[in-house]
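This is what each chain is made of:
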Amino acid sequence: MKKGSRKNNHAQKDLIIEFFKKNPSRDIKHPEVVDWVVATYKKRTGNVFRDPDRAIRQLSQRGFLIKIAKGIYKYDPQKAHKRKLEDFTAAQKEAILKRDDYKCVICGRGKKDGVDLHIDHIKPKDFGGEATIENGQTLCSQHNFIKKNLKQTETGKKMFIRLYELAKTEGNNDLKEFCADVLETYEKYGINGHIIWKK
Ligand SMILES: [Zn+2]
C-alpha cells in the first residue's frame with residue numbers, strides 16, 4: 001500500500017458519507033454520488049478519487065447505506081441510528097455475563113475452562129432483535145459458531161439428504177455412503193435434529 005493511501009481512503013469515505021448525509025432518505029443512483037464525490041475531491045485536494053464504487057459498496061456492507069437495487073443506495077438516518085442500537089454496549093455485555101455467571105448458557109463452560117465467551121442476540125439482529133439485556137445470552141466460541149451457522153448447516157443437511165436420496169435411486173453406493181457418513185455426523189453432534197433424515 002502506498003504511503004498515505006490509507007489516510008486518503010479515509011478522507012474519501014468521509015466524503016461519500018458527507019454526500020449521503022446531505023441527501024437523506026432518497027434513492028440515489030451511483031453516477032449522481034460518484035460525479036459529486038469525484039468533482040468535490042478534486043476541488044478540495046487536487047487528487048483523483050479512485051474507485052468510488054468500491055467505497056460505496058463497503059459503506060453498504062457495513063450497514064451505513066441501504067442497497068435498494070443494483071447501483072442504487074439510500075441513507076436512512078433512522079436505520080443508521082438503529083444499527084447502533086442493535087449492538088451491545090460494554091456495560092450491557094458485562095451485565096449479561098454477570099447474570100449468566102460468566103458461563104456459556106448451553107454447555108456451562110467459562111473462562112476458567114479456557115474458553116472465550118461471546119454475547120449473542122437470542123433473537124438475531126436480522127429478525128429485529130435488539131441489544132437489550134433480556135435479548136442477550138452468553139455463549140462459548142463453539143456454541144456461538146454453531147448458532148451463527150445454523151442457517152447454513154440447515155441448508156447443508158437438506159442438500160445432503162437430497163443427494164443421499166438421489167444416490168440411492170441411482171444405485172451409486174460410494175456417493176450414498178459418503179452422504180450417509182456426513183449425515184451421521186450431523187446426528188452425532190445433534191445439529192439440526194428437526195430436519196429428519198429417513199435412512
Ligand atoms: Zn458452550
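First, a word on scope: everything that follows refers to the structure included in this document. What you see as residue numbers is a count from 1 along each chain, following the sequence as written. Residues qualify for local features only when their pLDDT is at least 70, as the model is predicted, and side-chain atom pairs are given and counted only at 80 or more; totals for whole chains, interfaces and linings, by contrast, use all residues. Hydrogens and water are ignored here; the side-chain numbers use all heavy atoms of the structure.

## Describing the coordination of the zinc ion
Then step 1. Only nitrogen, oxygen and sulfur atoms qualify as donors, and only when within 2.8 Å of the metal (3.2 Å in the case of Na, K and Ca); with water excluded, sites may look incomplete. Protein ligation of the zinc ion involves Cys104 (SG), Cys107 (SG), Cys140 (SG) and His143 (ND1), the donor distances falling in the range 2.1 to 2.3 Å.
Then step 2. Labels for metal geometry use angle windows, namely 85 to 135 degrees for all angles of a four-donor tetrahedral site, and for square planar (four donors) or octahedral (six donors) sites opposite donors over 155 degrees apart plus all others within 65 to 115; sites meeting none of these are irregular. Geometry at the zinc ion is tetrahedral, judged from the four donor atoms that bind it and their angles of 98 to 115° at the metal.
Then step 3. In primary sequence terms, the donor set of the zinc ion follows C-x2-C-x32-C-x2-H.
Then step 4. On the basis of relative accessible area, Cys107 is assigned to the partly exposed category, the value being 32%. Partly exposed describes any residue whose relative accessible area lies between the buried limit of under 20% and the exposed limit of over 50%, with all areas from a 1.4 Å probe on protein chains only and scaled to the type maximum.

## Re unusual backbone geometry
Then step 1. A positive phi angle is found at Asp51, which is not glycine, with a value near 55°.
Then step 2. Assignment of secondary structure puts Asp51 in the loop between helix H2 (30–45) and helix H3 (52–61).
Then step 3. With relative accessibility at 43%, the residue Asp51 sits in the partly exposed group. Counting from the N terminus, the helices are DSSP H or I runs at least four residues long and the strands are E runs at least two residues long.

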